[in-house]
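Notes for the structure review
Spelled out, the chains give:
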Amino acid sequence: QVQVAESGGGLVQAGDSLRLSCAVSGRTFRTFNMGWFRQGPGKEREFVAVINTNGAVTYYADSVKGRFTLSRDNTKNTVFLQMNSLKPEDTAVYYCAADEVLRTEDMNYWGSGTLVTVSS
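Side note on the environment of Ala 92
Among the structural elements, Ala 92 can be located in strand E9 (residues 92–99). On the basis of relative accessibility, which here comes to 3%, the residue Ala 92 falls in the buried class. Here the alpha-carbon distance between Ala 92 and Pro 41, two residues 51 residues apart in the chain, equals 6.6 Å. Apart from the residues within four sequence positions on either side, Ala 92 is in contact with Arg 38, Gln 39, Gly 40, Thr 114, Leu 115 and Val 116.

Comments concerning the pattern of salt bridges
Under the counting rule described, the total for this entry stands at 5 salt bridges. Here Arg 38 ties to Asp 90 by a salt bridge, and the two come within 2.9 Å at their closest N and O atoms. Taken as a pair, Arg 38 in strand E4 (residues 33–39) and Asp 90 in the loop between strand E8 (78–83) and E9 lie far apart in primary sequence, 52 residues in all. Accessibility assignment for this pair places Arg 38 and Asp 90 in one class, buried. The partner of Lys 65 in a salt bridge is Asp 62, and the shortest N-O contact between them spans 3.1 Å. Given the relative accessible area of 66%, Asp 62 is considered exposed. Residues joined in a network through salt bridges with shared partners are Arg 38, Glu 46, Arg 67 and Asp 90.

A word on the state of the cysteines
Counted according to the given criterion, the structure contains 1 disulfide. At a sulfur-sulfur separation of 1.9 Å, the disulfide partner of Cys 22 is Cys 96. Disulfide Cys 22-Cys 96: the torsion about the S-S bond is -90°, which places it as left-handed. Pair noted here: Cys 22 is in strand E3 (residues 18–25) and Cys 96 is in strand E9, with a separation of 74 residues, a long-range link. You can call Cys 96 buried: its relative accessible area is 0%.

What about the sheet that holds strand E1 (residues 3–7)?
The strand order E1-E3-E8-E7 describes an open sheet built from 4 strands, whose pairing is antiparallel. Each edge of the sheet is formed by a strand with only one pairing partner; in this case those strands are E1 and strand E7 (68–73). When the angles between neighbouring strand axes are averaged without regard to direction, this sheet yields 15°. Bridge count for E3 against E8 is 6 bridges, and the pairing is antiparallel. Within E8, the residue paired with Leu 18 across the bridge is Met 83.

Calculation notes
Residues numbered from 1 in each chain as written. Predicted model: local features only at pLDDT ≥ 70, side-chain atom pairs only at ≥ 80, totals over all residues. Heavy atoms only, no water. Helix = DSSP H or I, 4+ residues; strand = E, 2+ residues; numbered from the N terminus. Buried < 20%, exposed > 50% of the residue type's maximum accessible area, 1.4 Å probe, protein only. Contact = heavy atoms within 4.5 Å. Salt bridge = Lys/Arg side-chain N within 4 Å of Asp/Glu carboxyl O. Disulfide = S-S within 2.5 Å. Pairing = 2+ DSSP bridges. Axes fitted to C-alpha atoms, helices over the stretch in contact; angles between N-to-C directions.

Structure representation (structure tokens):
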């Protein structure tokens, strides 16, 4: 079965950078579009970024454009979310997701999340 696992969360200060990783197993990684979502305290889950199967196409939420960069290494079955200029409002549980179709919601396979806390 498909397994999705995020890592790299932690406690940082505003203005710092952090890189999240997501590894997928159980299927051929290159067949999956990969996305990142987050859920902050008292908020609903929101879309952050998505990348297509070969990395040629990416989409970002307006709230993270210019600060976050999503990339993938299909030789390592891993995607990376580079987060720069972090703000307190970026504090959330970040979830990695995979899908056979490029989507910004309702993706098929989900990780359990990694917590990012940004202090002021």
